[in-house]
Amino acid sequence: MLDRKVKIKEIRDLGAGNHLLVITSPEQARLVRPGQFVMLKCVEDTGGNPLLRRPFTIFNIHRNARSGKPAGLELLVKEAGAGTRRLVMARPGQVLDCLGPQGQGFHLPPDLSSRVATACLVAGGVGIAPLLLLAESLLALRIRPILFYGGATAADLVLRESFERLGIDIIYCTEDASHGERGLVTGPLEQFLRIHPRKDTRLYACGPWGMMRGVHELAVGYELQCEVSLEARMGCGLGACLGCVVASEASEGRSYPLVCQDGPVMNSRLVRWDIAPI
Ligand SMILES: Cc1cc2nc3c(=O)[nH]c(=O)nc-3n(C[C@H](O)[C@H](O)[C@H](O)COP(=O)(O)OP(=O)(O)OC[C@H]3O[C@@H](n4cnc5c(N)ncnc54)[C@H](O)[C@@H]3O)c2cc1C
Ligand code: FES
């Protein structure tokens, strides 16, 4: 984990309050594993600004156009409050404090393909953020990823082209039927699992709590393994403030694991889904 001053290279407006933020940071980019995040200060440090750093998943590694070497990080930022609003108003060239890469990413041992043939990647809105690097890693391991990507409306389904470029199967869902199937993303996921009842399918989910709980329940029902990328309010991102706890079902280890240290990616069976993090 590194604490670096990073320069904003580009901020691209993706619509519906979403932005792609590209920061230059080759050292941090070289260390990233799928599912990890950074703690980014949302304003330039101009004299003790009180805004804490905010957690953002690493969407992609930005590569040097000529050499292909890691040059920085791409983050998907959705405006939510004071910090993210300030962040998306920043200008290229501004310098921010960036801590990371942080946390436990997806479990991707080299022999995963001996147990997993198909991976269902399930995203709700900005929950798409950890799934691009995951999809690329699964392809490299010769595991077939299928993306189930849902949002309230078509404008929420950002960065679709990054996944379409990989040539993987994608099922889009919107609540208003403006793109893909109508309804919640768990609908077509369940249909897929019913039609393909195979034990070598694994589920990966990131999105709103209710959606991840739904995916977890399908995993239990179909006796599949499932990893979820959790969100909690974070003060430090370092395991010091205990602000990011989530209640656990585990009989061993912490009964309140820290999302910043023990996660954000966790086995869905370790999470107590009846108690959402604050
Ligand atoms: C591990 C992790 C990865 C994340 N990755 C991304 C990402 O890739 N892209 C992205 O846009 N956002 C991501 N988030 C959420 C993001 O950190 C929050 O939206 C951000 O901290 C809000 O800061 P703010 O100052 O704008 O809003 P605040 O003024 O702090 O809060 C505004 C609203 O957002 C809610 N909120 C604040 N923090 C969180 C949080 N951690 N989780 C859920 N709701 C929150 C508050 O409850 C409030 O309703 C991630 C969070 C975590 C924990
Ligand atoms: S954010 Fe401080 S302990 Fe996790």
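Is there a simple way to think about the overall build of the protein in this case?
Within the protein, the secondary structure is distributed over six helices and 13 strands. On C-alpha atoms alone, the protein measures out to a radius of gyration of 18 Å, which is about the 19 Å that the 2.2 N^0.38 rule sets for 278 residues. Counting only C-alpha atoms and orienting by the principal axes, one finds that the protein spans roughly 55 × 40 × 40 Å. Buried positions account for 51% of the 278 residues belonging to the protein. Look at the contacts in the protein between residues 6 or more apart in sequence, and 64% of them connect residues 24 or more apart. Carbon together with sulfur atoms contributes 50% to the accessible area of the protein, which is approximately 12,900 Å² in total.

Is there a simple way to think about the packing of aromatic side chains in this case?
The geometry of two aromatic rings is summed up by the distance between their centres and the angle between their planes. Summed over the entire model, instances satisfying the criterion amount to five aromatic pairs. A centroid spacing of 6.2 Å and a plane angle of 50° characterise the contact between Y149 and Y172, whose relative ring orientation is tilted. Of this pair, Y149 sits in strand β8 (residues 144-151) while Y172 sits in strand β9 (residues 169-174), and the two are 23 residues apart along the sequence. Residue Y149 shares its accessibility class with Y172, and that shared class is buried. We note R160 situated over the ring of Y172; from NZ or CZ to the ring centre the distance is 5.7 Å.

Where do I start with the pattern of salt bridges in this structure?
Across all of its chains, the model carries nine salt bridges by this definition. Between D111 and R115 there is a salt bridge, with its nearest N and O atoms 3.4 Å apart. For D111, a relative accessible area of 43% corresponds to the partly exposed category. Using a relative accessible area of 39% as the deciding quantity, one classes R115 as partly exposed. Notably, a salt bridge pairs D169 with R144, separated by 2.6 Å at the nearest N-O pair. Of the two residues, D169 sits in strand β9 while R144 sits in strand β8, which places them 25 residues apart along the sequence. Owing to a relative accessible area of 40%, R144 belongs among the partly exposed residues under this scheme.

Sorry, what's going on with the layout of surface pockets here?
Rolled over the atoms, a probe with the dimensions of a water molecule shows which regions are left empty. Estimates place the volume of the largest pocket at around 1,100 Å³. Secondary structure elements with two or more residues in the lining of the largest pocket: β4 (54-63), β5 (70-78), α2 (82-88) and α6 (209-221). For the lining of the largest pocket, the leading source of residues is β4, giving four residues. Residue composition of the lining of the largest pocket, grouped by class: 22 nonpolar, 10 polar and six charged. If you count residues domain by domain, the lining of the largest pocket takes at least three from each of domain 1 (2-102) and domain 2 (112-229).

Explain the side chain of N18 to me, please; I cannot follow it from the model alone.
Along the chain, N18 turns up in strand β2 (residues 18-24). Here A16 takes part through its backbone oxygen, which lies 3.3 Å from a polar atom of the side chain of N18. When neighbours within four sequence positions are excluded, N18 is seen to be in contact with R12, D13, L76, V77, K78, V126, A155 and V158.

Honestly, the environment of A80 in this entry has me stumped. Any pointers?
Checked against the element boundaries, A80 lands in the loop between β5 and α2. A80 sits in the exposed class, given a relative accessible area of 71%. Distance from A80 to A90, taken between C-alpha atoms, is 15 Å for residues 10 residues apart in sequence.

What's the story with the sheet that holds strand β1 (residues 2-15) in this structure? I'm lost.
Strand pairing in a sheet relies on backbone hydrogen bonds, with the paired strands running either antiparallel or parallel. Spatial ordering of the closed barrel is given by β1-β2-β5-β4-β3-β6, a layout of six strands whose pairing is antiparallel. Across the sheet, the axes of successive neighbouring strands diverge by a mean angle of 45°, strand direction being ignored. When β1 meets β2, the two strands line up antiparallel, connected through seven bridges. When the sheet's bridge partners are listed, E10 is paired in β2 with V22.

Help me out: how do you make sense of the nonpolar core in this one?
Proteins that are soluble and globular tend to have nonpolar side chains buried together. Membership of the largest hydrophobic core comes to 35 residues, with the highest contact counts inside it found for F148, L189, L203 and L230. At the level of secondary structure, the elements contributing two or more residues to this core comprise β3 (37-40), β7 (118-124), β8, β9, α5 (186-195), β11 (201-206), α6 and β12 (226-229). Ranked by residues supplied to this core, first place goes to α6 with six residues. Residues contacting L203, with those up to four places away along its chain left out, are C120, L189, L193, V215, A219, L224, Q225, C226 and E227. In this structure, F59, V116, A123 and L141 belong to the second largest nonpolar core, which totals 29 residues.

Each value, and the rule that gives it
Residues numbered from 1 in each chain as written. Chains lettered and ligands numbered in written order. Predicted model: local features only at pLDDT ≥ 70, side-chain atom pairs only at ≥ 80, totals over all residues. Heavy atoms only, no water. Helix = DSSP H or I, 4+ residues; strand = E, 2+ residues; numbered from the N terminus. Rg over C-alpha atoms; globule rule 2.2 N^0.38 Å. Buried < 20%, exposed > 50% of the residue type's maximum accessible area, 1.4 Å probe, protein only. Contact = heavy atoms within 4.5 Å. Areas by Shrake-Rupley, 256 points an atom, 1.4 Å probe, with all protein chains shown as cover. Phe/Tyr/Trp six-rings, centres within 6.5 Å; stacked < 30°, edge-to-face > 60°. Lys NZ or Arg CZ within 6 Å of the ring centre and 35° of its normal. Salt bridge = Lys/Arg side-chain N within 4 Å of Asp/Glu carboxyl O. 1 Å grid on protein atoms, 1.4 Å probe; cavity = no way out; pocket = protein on both sides within 12 Å on 5 of 7 lines; lining within 4 Å. Points joined across faces, edges and corners; volume = space filled by probe spheres on them. Nonpolar A, V, L, I, M, F, W, Y, C, P; charged D, E, K, R; others polar. Domains from an automatic or database assignment. Polar contact = N/O pair within 3.5 Å; in protein donor to acceptor, adjacent residues only side chain to side chain. Pairing = 2+ DSSP bridges. Axes fitted to C-alpha atoms, helices over the stretch in contact; angles between N-to-C directions. Core = buried A, V, L, I, M, F, W, Y, C linked by side-chain atoms within 4.5 Å.

From the geometry alone we can't say anything about function, so treat these as descriptive.
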